[in-house]
Every structure is written in C-alpha cells, then in structure tokens.
Amino acid sequence: MKTLAIISEFNPFHNGHKYLLDKSKEITKADLALTIMSGDFVQRGEPAIIDKFRRAQAAIYAGFDLVLEMPNFVSLQAANFFAKKNIELLNKIGVDFLCFGIENISAKDFKELINYILNHQENIEQNLKKYLKQGYSYTKSSYLSVGDILEDKKVLTSNNILAFEYIKAIKQLKADIKFVPIERVLSKNSDREINNETYASSTAIRKNLCRKNMQNLLPKASYYYLNNFYNTYMTYPKLNDFYNLLRYKLLIEKTEMTDILCFEDGMDNLFYKNIKTCNSFDEFVNKSTATRFTSSRIRRLSLNYLLENKKSFNQFDIDFVRVLCCKKSAMKFLASRPIKKVISKKDLKNLKDYEKIALESNIKASNLYNMNIGRPIDFDFTRKFILQ
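Cut-off values and rules
Residues numbered from 1 in each chain as written. Predicted model: local features only at pLDDT ≥ 70, side-chain atom pairs only at ≥ 80, totals over all residues. Heavy atoms only, no water. Helix = DSSP H or I, 4+ residues; strand = E, 2+ residues; numbered from the N terminus. Contact = heavy atoms within 4.5 Å. Expected span 1.5 Å × (residues − 1). Buried < 20%, exposed > 50% of the residue type's maximum accessible area, 1.4 Å probe, protein only. Core = buried A, V, L, I, M, F, W, Y, C linked by side-chain atoms within 4.5 Å. Patch = residues over 30% accessible without salt bridge, like charges linked within 9 Å, V, L, I, M, F, W, Y side chains within 5 Å. Areas by Shrake-Rupley, 256 points an atom, 1.4 Å probe, with all protein chains shown as cover. Salt bridge = Lys/Arg side-chain N within 4 Å of Asp/Glu carboxyl O. Phe/Tyr/Trp six-rings, centres within 6.5 Å; stacked < 30°, edge-to-face > 60°. Lys NZ or Arg CZ within 6 Å of the ring centre and 35° of its normal.

Participant: Outline the side chain of Asn304, supporting the account with residue identities and numerical values.
Facilitator: Positionally, Asn304 belongs in helix α14 (residues 295–307). Not counting chain neighbours up to four residues away, the residues in contact with Asn304 comprise Leu76, Ile260, Leu261, Cys262 and Asn309.

Participant: Outline helix α4 (residues 79–93), supporting the account with residue identities and numerical values.
Facilitator: Its 15 residues place the ends of α4 21 Å apart at the C-alpha level, agreeing with the 21 Å of an ideal helix rising 1.5 Å per residue. Across the 15 residues of α4, eleven count as buried, placing the element largely inside the fold. Phi for Gly94, located one or two positions after α4, is positive at around 90 degrees.

Participant: Kindly report on the nonpolar core, identifying the contributing residues and their values.
Facilitator: Core analysis: the biggest nonpolar cluster contains 68 residues, and Phe64 and Phe284 have the highest contact counts within it. Here Phe284 is in contact with Tyr243, Leu246, Phe271, Asn274, Ile275, Cys278, Ile298 and Ser302, once residues within four sequence places are set aside. Ranked by size, the runner-up nonpolar core spans 59 residues in total, among them Leu68, Phe73, Val95 and Leu156.

Participant: Outline the environment of Ile275, listing residues and values.
Facilitator: One can find Ile275 in helix α12 (residues 267–275). Judged by its relative accessible area of 0%, Ile275 is buried. With 32 residues separating them in the primary sequence, Ile275 and Tyr243 have C-alpha atoms 9.3 Å apart.

Participant: Could you give me a rundown of a nonpolar patch on the surface, with the residues and numbers involved?
Facilitator: Together, Leu245, Tyr248 and Ile252 line one region of the surface with nonpolar side chains, adding up to about 290 Å² of accessible area. Mapped onto the elements of the fold, Tyr248 is located in helix α11 (residues 243–253).

Participant: So what's going on with the pattern of salt bridges? Residues and values would help.
Facilitator: Scanning all chains against the criterion turns up 25 salt bridges. As a salt-bridge pair, Asp380 and Lys52 come within 2.8 Å of each other at their nearest N and O atoms. You can see Asp380 sitting in the segment after α16 (353–373) and its partner Lys52 sitting in helix α2 (residues 52–62), a full 328 residues away along the chain. When sorted by exposure, Asp380 lands in the same class as Lys52, which is buried. Put simply, Glu308 and Lys364 hold a salt bridge, and the shortest N to O gap is 3.1 Å. Highlighted residues: Glu308 in the loop between α14 and β8 (320–326) and Lys364 in helix α16, separated in sequence by 56 residues.

Participant: Requested: an account of the packing of aromatic side chains, with residues and values cited.
Facilitator: Applying the stated rule across the entire model yields 24 aromatic pairs. Pairing Phe41 with Phe242 gives two aromatic rings, centres 5.6 Å apart and planes at 65 degrees, and the pair type is edge-to-face. Taken together, the positions of Phe41 in strand β3 (residues 41–42) and Phe242 in the loop between α10 (220–233) and α11 put the pair 201 residues apart, joining distant regions of the chain. Residue Phe41 shares its accessibility class with Phe242, and that shared class is buried. With centroids separated by 6.0 Å and ring planes inclined at 65 degrees, the aromatic side chains of Phe100 and Phe110 adopt a geometry described as edge-to-face. Of this pair, Phe100 sits in strand β6 (residues 97–102) while Phe110 is found in helix α5 (residues 107–119), placing the two residues ten residues apart along the sequence. Judged by its relative accessible area of 5%, Phe100 is buried. One aromatic cluster is present, built from ring pairs that chain together Phe41, Phe229, Tyr230, Tyr233, Tyr236, Phe242 and Tyr369. Against the face of Tyr305 rests Lys249, its NZ or CZ located 5.6 Å from the ring centre. Lying over the aromatic face of Phe379, Arg375 brings its terminal NZ or CZ to 4.2 Å of the ring centre.

Participant: Which residues make up unusual backbone geometry, and what values do they have?
Facilitator: In this structure, Pro12 follows Asn11 across a cis peptide bond, with omega equal to 5 degrees. Checked against the element boundaries, Pro12 lands in the loop between β1 (3–8) and α1 (15–28). The residue Lys174 is not glycine, and still its phi comes out positive at about 55 degrees.

Structure (structure tokens):
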C-alpha cells in the first residue's frame, strides 16, 4: 500500500487544498492519503477559525482517509522545528510520499533549486549565524542566509521556505520519504484579498468571511462546517478573545516565562512593559514586534505561555498519533503501523509519561478554545469518535 501525507492547518479547508490533495493522488498513485493537522491553535499563533473536529471532517469529505492531530507544542513553533517534528512523526508512521505546495517556481525548477541549496548548506549555516548575531529573528535570518546564495529572491516565500525545511528534515533524518512539490494555482499563500472566484488563500478567506459567494472558494463540506460552527457558537475565535487571560497570567499571577517555548532573553521585560498599556492583543503584538521578534513569534510565545508549553517539550520523542477522524478503510492501515494510536481515553494507558504531557497540552489547548466558544470542557474525550 502506497501512502501520501500532507502537513496542514486547513484554516479553513479551501479549493486550493482540494487541488493539492487531488494532484498529489494523481502524481503518486497512492492508495491512502493522510494529513497531520494543527489542532485548535495554528502556527501563526492564532486560534483556528473553526475547531479541529470540523476541519478534520471537512478534510475527510474532501478525500483524505485519515486526519491526525499535530502535537500542540509543535504547531506553535517556527518553521524549522515545525518541519522537523512533523517529519519525525511521519517517518515513524511510515509514509511513502510527502506532498506540499510551492509558489513562484515550477516543480522541476524547485527540485533543482533544492539540490543547489543543499549543496551550499555550509555557507547558509555560516550566514545564518551572522544574521542571528545581528539581532534578526530566526525566520528572517533563514530568509536572508538563503537569499545570499540566490539570484532570484521571489522564490523565497514563507511557503517555499517551509517546504525547504521539510526536505532538510527528511535528509537529516535519512527518512525513506519521497517529496512531491505541487505548484499552487491562481493564489499565493500570502494573499490577503480574494482575486479569483474559485481559489483564494486561507488568510484572504478568513479576512472576508462576510463576502457573498464564499461557497465558491470552499468544497461543499468545508463551507457547511464553516457555517455550522458559526451557527452553533455565534462566533469565530480571535486572538483578542484571549488577551485578558494573558494579562492576568503576566500581571496578577506573574508566572515565569523563561522556560517557555519561543522565549528569548528580553522578551519577558518587553511583555511586562507593553501589556500594561495595550488594550488588545492586536495592539500588544504590534507594539512588541521588532527586528528581533516577529509578530508570529510574539503570538506563538503568548499562546505557549498560556498553555505552559515548555522548552523541555522539544526533547520529547513522540511515538503516538492522536486520531481526529478517519474512514473505516484507514483503520486497517492504522492497525498495521507500529506507532501507538490514541482514539479514546482508554488509550492513554499505553503512553509514556512524557507522551501524556504532550497529549495533555493538546487537551489543554482544546479546553482553552472550548471556554472561548462556550463548548463543554474535555469535549475531546466525551464526543463520539466518528468513522466516515
């Protein structure tokens, strides 16, 4: 059985994601398609537009066979670690292909570019250290260090850099996973406005939720779940919803943050200084953003701080998968994999202590999300597991 994997957020699942999946199946001829998807909080350091279960079901209806939840402490990190830990997990599951989107370059040229970059990795690492010493963020330093060896800078989009991190992780782990780049169509990952009647970026869709004909941009099931979520909870979560909780932990509890993921020296003083005068999360992030600390870094640290995700979590050797949704036909595949499966609460007994901590972080994130939308606490293990 050949299997393909896509690392995702599906925030929300749109026609571009459907195109990526269909094209991946066409190229790989895979028998089974799975995705590791961010849970209720995503890599930008924001709550997902709708909950993980609805997004997982939308993915299944679109053609995936299996949706697994990404560990929360992985989804709230920068591209290099985000890629590394997800590739580790896919390697343990044992997949044949990793498929991902690219932009501003053809698949053929992208593969040649990757070989060129990998052959100049020593120079890139030296440049990376140089830019980090100059005070740039890791993300910006990566962009500049790779850019130093390229003539065409337009290929250095966040989407393509993440793709490069996937490939680098595959090479470092010597994983037996073939990578398959797929060219995006008619929209770019960074687009903030809708410029096409069929394809738009997730960002553009989230910014234009009130737009007429939104159903043209999403598969039918995804559009249904987007509306179903709002009709159920009468809200789409926003980062500002969690601002008073951050203020409480910083100003009242005065909880230490130096051991929290994404923390760097000086960020605690910056947070304490700005949170006293800012009236919203958006204002706080804007005021705290600088050359050294990107807005995404500020948001991710804030959420890791709320969720108490510690730097020590990076050492966890995760050997389990949390199943959000799957087709009946995928259960046989799951049973054949050596990695542990978590579907119900009874499966917790099979986890090591540190794996329970990682799973508890996901449950804590889900409960934080639940509190905001008015859904019962511990919904993860009280909801009925759905086989499609």
